[in-house]
Amino acid sequence: MIRLGQRQAAGSASTLGMALVLVLAGTDTRRVEAADTASPSPEVTSLADNRFTWPSRERLVRVLTLRDYNTRIVLVGTALLGAVAGVVGTFMLLRKRSLVGDVVSHASLPGIAAAFLWMEALSPGGGRWLPGLLLGALLAGFAGMACVVAISRLTRIKEDAALAIVLSVFFGFGIVLFTVVQAIPSGTVAGLQGFIFGKAAALVAADVQLIAWTSLVALTVCAAFFKEFSLLCFDDGYAAASGWPVVALDLLLMALVSTVTVIGLQSVGLLMVVALLIVPAVSARFWTDHLPALVIGAGTLGCLTAVAGTLSSALFSRLPTGAIIVLCGCAAFLLSMFASPRHGLVRRWIVQHKLQASIDRQHLLRACFEYLEDHAAESVDGATARVVPLQALATARAWPPRTLRRLINAAERDELLYQTDAASCQLTEAGWHRAKQVARNHRLWELYLISRADVAPQRVDRYADMIEHVLEPEIVLQLEAQLAAQSADRVVVPPSPHGPLARGEEA
């Protein structure tokens, strides 16, 4: 596939688009022709040979140093497409319209077939004119988006259902038209199937020139309307109330998506072009919460995955370029999902593990304090014994022996208590102060819920357990100030609402 695109590109070396691409590729026409003629690829394989082979060292060096002209052409085209798709896709992701690109790509199929039939009717044999095919795809994509907007605004059908209806109807209509195209003599050799699965290796200089100019226009529009698009994505209701033309901005954003989708059809195909729009933006979302960084990161990831996919396809000539680009994007997504230090799954697991360990430790310390409060009240502040039977702790929280053993071991490692014998443990000085603080915070929450939220004292313990571990210390300080239950020099533990009066012992 790469060799076929190489011959096509060499035939159009005298065009202006060729000159632009060659500048982007960092070489000139004569050098390209000389290099390609003097250094033909050493690995000549039969078309019937479908065996998978690892690239030789010479081929690896040849690809990584971009000696082949067609590799440079495809690399520039896919890199530009990946960058602009990542930038535009970021706004679609934030607008919660990730499937719009998929709808546009599928809706473009009847446009391609209709444009081919129309051009064949006007000039037999001229139906393969690429700008005409892309124009037909663009108009059909606009028609599909107009149908989605009309269905969702004029009827009671939700937008996701409208997207599904338009996608399936337009794609089905496109398949019917493709059947008609295959029935005419020139339709069998038109190569329109390349728009379905993509044919990035067949990109020529004129195609890359079109991608470059389209990318430049799209990036310029995104930069010029960055503030408006940001407001539209985060709060379109506020934007409309503030007088911003929300509908016009929405249509402009849809036009950008349609344009990027259409120019990406030839590279990755209509079935996978949505991946170029959404996957880089989703991957970048794991790394940052700031919109400018998110937009730049998505564009960079889109560019890098396109470069990685193109080079991989050049190394393994049997692999399709568009599909490899999508798989490289998927690899970047998986890496971001697991390894991101901000929102990655590994970090989330570590944070949850630490939070659960902190909750278990607080429960253990509070159970120790409440036992000492009930059974050794006279020596609680005197700190003479602070010995707690393990059976009392297991009964207080219904801990299984294995769980209690794990909690005791963890508290011993933190030097909060130590086990005196097989049946009891004793709080250390640090553990005692920490236990008093935990019990105090818990009872502050109980007081707050009883006095401010009208929670019954019989149920307040459970609600306080649910919220006391997840709130920040600053909020605890605010509660202390509101309840005026703190002392300037020492920690005072409020009385438990489950005391003798609550249990009816006085009666």
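Residues numbered from 1 in each chain as written. Predicted model: local features only at pLDDT ≥ 70, side-chain atom pairs only at ≥ 80, totals over all residues. Heavy atoms only, no water.

(A) Layout of the nonpolar core. Core analysis: the biggest nonpolar cluster contains 49 residues, and Val-88, Phe-91, Val-100, Leu-253, Leu-256 and Val-260 have the highest contact counts within it. Sequence-distant contacts of Phe-91, that is, excluding residues within four places in its chain, are made with Cys-222, Phe-226, Phe-229, Ser-230, Cys-233, Leu-253 and Val-295. Counting residues in hydrophobic clusters, the runner-up holds 22 residues, among them Leu-372, Trp-399, Leu-417 and Ala-435. (Core = buried A, V, L, I, M, F, W, Y, C linked by side-chain atoms within 4.5 Å. Buried < 20%, exposed > 50% of the residue type's maximum accessible area, 1.4 Å probe, protein only. Contact = heavy atoms within 4.5 Å.)

(B) Quick look at the side chain of Thr-78. Within the secondary structure layout, Thr-78 lies in helix 5 (residues 69-94). Not counting chain neighbours up to four residues away, the residues in contact with Thr-78 comprise Ala-200, Leu-203, Ala-306, Thr-310 and Ile-325. (Helix = DSSP H or I, 4+ residues; strand = E, 2+ residues; numbered from the N terminus.)

(C) Molecular detail of the sheet that holds strand 3 (residues 424-427). Strand order in the open sheet formed by 3 strands is 1-3-2, with antiparallel pairing between adjacent strands. Lying at the two open borders of the sheet, with one neighbouring strand each, are strand 1 (387-389) and strand 2 (417-421). In this sheet, adjacent strand axes meet at a mean angle of 35° when their direction is disregarded. Pairing of strand 2 with strand 3, which is carried by 4 bridges, proceeds in the antiparallel orientation. Bridge pairing in strand 3 places Asp-421 opposite Ser-424. Seen against the sheet, helix 19 (residues 390-397) touches strand 1, strand 2 and strand 3 and runs at an angle of roughly 65° to strand 1. (Pairing = 2+ DSSP bridges. Axes fitted to C-alpha atoms, helices over the stretch in contact; angles between N-to-C directions.)

(D) Looking closely at the pattern of salt bridges. Applying the stated criterion across every chain, the model contains 12 salt bridges. Where Arg-95 meets Asp-250, a salt bridge forms, and the shortest distance between an N and an O atom there is 3.3 Å. Here Arg-95, found in the loop between helix 5 and helix 6 (100-122), pairs with Asp-250, found in helix 13 (residues 246-263); they are 155 residues apart in sequence, far enough to count as distant. Exposure remark for Arg-95: the relative accessible area of 12% places this residue in the buried category. For Asp-250, a relative accessible area of 7% translates into the label buried. (Salt bridge = Lys/Arg side-chain N within 4 Å of Asp/Glu carboxyl O.)

(E) Main features of the packing of helix 15 (residues 273-285) against helix 16 (residues 291-315). For the pair helix 15 and helix 16, the least separation of the axes is 8 Å and the interaxial angle reads 125°. Judged on the interaxial angle alone, helix 16 and helix 15 are oblique. Like other packed secondary-structure pairs, helix 15 and helix 16 cross with a definite hand, here right-handed. Each of Pro-280, Ala-281, Ser-283, Ala-284 and Arg-285 in helix 15 lies in contact with helix 16, whose residues at this interface are Leu-294, Gly-297, Ala-298, Leu-301 and Gly-302. Considered class by class, the residues forming the contact of helix 15 with helix 16 number 6 nonpolar, 3 polar and 1 charged. (Parallel < 35°, antiparallel > 145°, perpendicular 65-115°, else oblique. Left-handed = near helix turned anticlockwise from the far one by under 90°. Nonpolar A, V, L, I, M, F, W, Y, C, P; charged D, E, K, R; others polar.)

(F) Local environment of the side chain of Asp-102. Tracing the chain through its elements places Asp-102 in helix 6. The buried charged residue Asp-102 lacks any salt bridge, with Arg-97 as its nearest oppositely charged partner at 15 Å. Those residues within four positions of Asp-102 in sequence are excluded, and the remaining contacts are Leu-167, Leu-270 and Val-274. (Lys, Arg positive; Asp, Glu negative; His and termini not counted.)

(G) A look at the state of the cysteines. Evaluation of the coordinates by the stated rule reveals 0 disulfides. Cys-222 supplies the cysteine sulfur nearest to Cys-233, a cysteine that is in no disulfide, at a spacing of 9.9 Å. (Disulfide = S-S within 2.5 Å.)

(H) Structural view of the environment of Ile-296. Relative to the elements of secondary structure, Ile-296 occurs in helix 16. Since its relative accessible area comes to 58%, Ile-296 is described here as exposed. Each C-alpha atom, one on Ile-296 and one on Ala-83, is 8.9 Å from the other, the two residues being 213 residues apart in sequence.

(I) Geometry of the confidence of the model for the protein chain. Considering every residue of the protein chain, the mean pLDDT works out to 78; 77% of them sit at 70 or more. Per-element confidence in the protein chain is highest for helix 16, whose mean pLDDT is 92, and lowest for helix 3 (residues 29-38), whose mean pLDDT is 38. Long-range and interchain partners of residues 1-44, a stretch whose pLDDT sits below 50, account for 59 contacts in this model, where long-range means more than four residues apart. Note that pLDDT drops below 50 for residues 486-490; the model gives that stretch 4 contacts with residues more than four away or on any other chain. (pLDDT = per-residue confidence, 0-100.)

(J) Representation of the pairing of strand 3 in the model. Across the two faces of strand 3 the burial is the same, with Ser-424 and Gln-426 and Cys-425 and Leu-427 all buried. One ladder, built from 3 bridges, connects strand 1 with strand 3; its direction is antiparallel. The residue of strand 3 that forms the bridge with Pro-389 is Ser-424. The turn linking strand 2 back onto strand 3 is made up of 2 residues.

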